[in-house]
Amino acid sequence: MTYAHNTPVPAGPTTTSQDALAATLAALMPLGGGLLVMLGYAWIGIFGAILGLAGAAGWAFWWRNKHKTFFPKDLRGGSVGGIGGIVAVIAFLLFVSL
């Protein structure tokens, strides 16, 4: 079976590293969103929790628009590492706030 030059070849099975990146992303996104809500509540109160919830929804919306899906087939370690860095900064700010 041959393919034309402009026809994409079907993607093969995912690799273990892609699965690990997807699992890490699946853990970091809700953790970061929850920490963002808690940080808003710690700083401002209930209004801050609402702002944190809006920020978490905006974060998820931005990620989905950037990658066209929540779990793209070609995740890069830099993207997941960047999300990990953001979550670490939010966790640090929450720890310092309490």
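Position numbers for residues start from 1 in each chain and track the written sequence from start to end. Reporting of local features is limited, given that this is a predicted model, to residues whose pLDDT is at least 70; pairs of side-chain atoms are given and counted only at 80 or more, and all residues count toward the totals for whole chains, interfaces and linings. Calculation of side-chain values draws on the structure's entire complement of heavy atoms; hydrogens and water are dropped beforehand.

**Examining the overall build of the protein chain**
Piece 1. Each helix is a run of DSSP H or I of at least 4 residues and each strand a run of E of at least 2, with the numbering of both proceeding from the N terminus. Secondary structure summary: the protein chain contains three helices and zero strands in total.
Piece 2. Secondary structure elements in the protein chain, listed N-terminal to C-terminal, are α-α-α.
Piece 3. Burial classes follow relative accessibility: with a 1.4 Å probe on protein chains only, a residue under 20% of its type's maximum area counts as buried, one over 50% as exposed, and anything between as partly exposed. Counting over 98 residues, the protein chain shows a buried share of 27%.
Piece 4. By sequence separation, contacts in the protein chain at least 24 residues apart represent 69% of the contacts at least 6 residues apart.
Piece 5. Note that accessible areas follow from Shrake-Rupley with a 1.4 Å probe, and for residues the cover is restricted to the protein chains shown. For the protein chain, the computed accessible surface area is about 6,800 Å², with 71% contributed by carbon and sulfur atoms. Two residues qualify as a contact provided that any one of their heavy atoms is within 4.5 Å of a heavy atom in the partner residue.

**Digging into unusual backbone geometry**
Leave glycine aside and you will find that most residues have negative phi; peptide bonds, for their part, are mostly trans.
Piece 1. Of note in the backbone geometry, Lys 68 takes a positive phi value of approximately 65° without being a glycine.
Piece 2. Exposure remark for Lys 68: the relative accessible area of 66% places this residue in the exposed category.

**Things to note about a nonpolar patch on the surface**
Piece 1. Candidate patch residues must exceed 30% relative accessible area and have no salt bridge, after which like charges are joined if within 9 Å and Val, Leu, Ile, Met, Phe, Trp or Tyr side chains if within 5 Å. The salt bridge criterion pairs a side-chain nitrogen of Lys or Arg with a carboxyl oxygen of Asp or Glu, the two atoms within 4 Å. Together, Tyr 41, Trp 43, Ile 44, Ile 46, Phe 47, Ile 50, Leu 51, Val 89, Phe 92, Leu 93, Phe 95 and Val 96 give the surface a local cluster of nonpolar side chains, amounting to about 1,300 Å² of exposed area.
Piece 2. Along the polypeptide, Phe 95 turns up in helix α3 (residues 77-97).
Piece 3. Under the relative-accessibility criterion, Phe 95 is labelled exposed at 65%.

**Comments concerning the environment of Ser 79**
Piece 1. Note that Ser 79 resides in helix α3.
Piece 2. Placed 58 residues apart in sequence, Ser 79 and Leu 21 show a C-alpha to C-alpha distance of 9.5 Å.
Piece 3. In contact with Ser 79, not counting residues within four places along its chain, are Trp 63 and His 67.

**Examining the packing of helix α2 (residues 46-67) against α3**
Piece 1. The axes used here are C-alpha line fits, helices contributing only the stretch in contact, and every angle between their N-to-C directions lies in the interval 0 to 180 degrees. Following both chains from N to C, one finds α2 and α3 inclined at 170°, their axes separated by 14 Å at the closest point. Considering their axes alone, α2 and α3 lie roughly antiparallel with respect to each other. Residues Trp 59, Trp 63 and His 67 of α2 form the contact with α3, whose participating residues are Ser 79, Ile 83, Ile 86 and Val 87.
Piece 2. Following the grouping adopted for this structure description, the nonpolar residues are Ala, Val, Leu, Ile, Met, Phe, Trp, Tyr, Cys and Pro, the charged ones are Asp, Glu, Lys and Arg, and the polar ones are all others, Gly among them. A class-by-class count of the residues in the contact of α2 with α3 yields five nonpolar, two polar and no charged. Orientation is classified from the angle alone, with under 35 degrees giving roughly parallel, over 145 giving roughly antiparallel, 65 to 115 giving roughly perpendicular, and any other angle giving oblique.

**Considerations on the nonpolar core**
Piece 1. The set of buried Ala, Val, Leu, Ile, Met, Phe, Trp, Tyr and Cys residues whose side-chain atoms join them within 4.5 Å is what this entry labels a nonpolar core. Of all hydrophobic cores here, the largest spans 14 residues; its most connected members are Leu 25, Met 29, Trp 63, Leu 75, Val 80, Ile 83 and Val 87.
Piece 2. Looking at this core, the elements that each hand over two or more residues are α1 (16-44), α2 and α3.
Piece 3. No other element matches α1, which puts six residues into this core.
Piece 4. Excluding residues that lie within four positions of it along the chain, Ile 83 makes contacts with Leu 25, Leu 28, Met 29, Trp 59 and Trp 63.

**Focus: the environment of Ala 56**
Piece 1. Here Ala 56 is to be found in helix α2.
Piece 2. Through-space distance from the C-alpha of Ala 56 to that of Pro 30 is 8.6 Å; in sequence the pair is 26 residues apart.
Piece 3. Discounting chain neighbours no more than four positions away, the residues touching Ala 56 are Gly 33 and Leu 36.

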